[in-house]
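The lines below spell out each chain.
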Amino acid sequence: MVALDEIADASRRDVERAHRLRLEGLVEDIRKTIEGPSSAKEKTARIRELLAVQGYRAQDRPAA
């Protein structure tokens, strides 16, 4: 019989792995966007879009 702690640990590892893979994919997409031929404004818009799809929100930095 499998202990409930073992099941919880396995489930936690699966969730952590899925989260890590999702972040790795996001980083790769952002890297490709940065290396692409578009303008800085287009790159910024694309990166904001990529972040939004993943549930993140990019905020403008306050002017110095």
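Everything discussed here concerns the structure shown above.
Source: prediction; values computed, not measured.

By size, the foremost hydrophobic cluster in this structure holds five residues: Leu 26, Ile 30, Ile 47, Leu 50 and Leu 51. Listed by contribution, the elements that provide at least two residues to this core are α1 (4-35) and α2 (40-53). A total of three residues in this core trace back to one element, the largest contributor, which is α2. Ignoring any residue separated from it by four or fewer positions in sequence, one finds Leu 26 in contact with Leu 50, Leu 51, Gln 54 and Tyr 56.

Turning next to the environment of Leu 23. When you line up the elements, Leu 23 lands in helix α1. Sequence separation of Leu 23 and Glu 6 is 17 residues, and the distance between their C-alpha atoms is 26 Å.

Look at α1: 47 Å from first C-alpha to last across 32 residues, which is about the 46 Å you get at 1.5 Å a residue. Of the residues making up α1, those classed as buried are Leu 26, Ile 30 and Thr 33. The inward-facing, buried residues of α1 abut α2.

Moving on, we come to α2. For α2, which comprises 14 residues, the first-to-last C-alpha distance of 20 Å matches the rise-based estimate of 20 Å (1.5 Å per residue) to within 8%. When we look at burial in α2, the residues that qualify are Lys 43, Ile 47, Leu 50 and Leu 51. Viewed along the axis of α2, the buried residues span an arc of 95°, placing them on a single side of the element. In this structure, α2 carries Lys 41 and Val 53 as exposed residues pointing more than 90 degrees from its buried face. The positive-phi residue at the C-terminal boundary of α2 is Gly 55, with phi of around 90°.

We now examine the side chain of Thr 33. With respect to the helices, strands and loops of the structure, Thr 33 is situated in helix α1. Not counting the four nearest positions on each side in its chain, Thr 33 is found in contact with Lys 43, Arg 46, Ile 47 and Leu 50.

With the rule as written, the count across this model stands at five salt bridges. Of the charged contacts in the structure, one is a salt bridge between Asp 9 and Arg 12, with a shortest N-O distance of 2.8 Å. A residue pair is termed a helical-turn pair when its members lie 3 or 4 positions apart in one helix, as Asp 9 and Arg 12 do in helix α1 at three residues. Judged by its relative accessible area of 33%, Asp 9 is partly exposed. For Arg 12, a relative accessible area of 45% translates into the label partly exposed.

Reading the values: rules and limits
All residue numbers refer to positions counted from 1 along the written sequence of the respective chain. Per-residue local features of the predicted model are confined to residues with pLDDT of at least 70, and side-chain atom pairs are confined, for both listing and counting, to 80 or more; whole-chain, interface and lining totals are unaffected and use all residues. Side-chain metrics rest on all non-hydrogen atoms present in the structure, leaving aside hydrogens and water. Think of a nonpolar core as a cluster: buried Ala, Val, Leu, Ile, Met, Phe, Trp, Tyr and Cys residues, connected wherever their side-chain atoms sit within 4.5 Å. Exposure is judged per residue with a 1.4 Å probe applied to protein chains only, and the accessible area is read against the type maximum: over 50% gives exposed, under 20% gives buried, and values in between give partly exposed. Think of it this way: any DSSP run of H or I at least four residues long counts as a helix, any run of E at least two long counts as a strand, and we number them from the N terminus. Note on contacts: a residue pair is in contact if any heavy atoms of the two residues lie within 4.5 Å. Here the expected length of a helix is defined as 1.5 Å per residue gap, with one fewer gap than residues. Arc, as used here, means the arc of the directions from the helix axis to the C-beta atoms. Any Lys or Arg side-chain nitrogen found within 4 Å of a carboxyl oxygen on Asp or Glu counts as a salt bridge.

It is worth stressing that arrangement in space is one thing and function is another; only the former is reported here.
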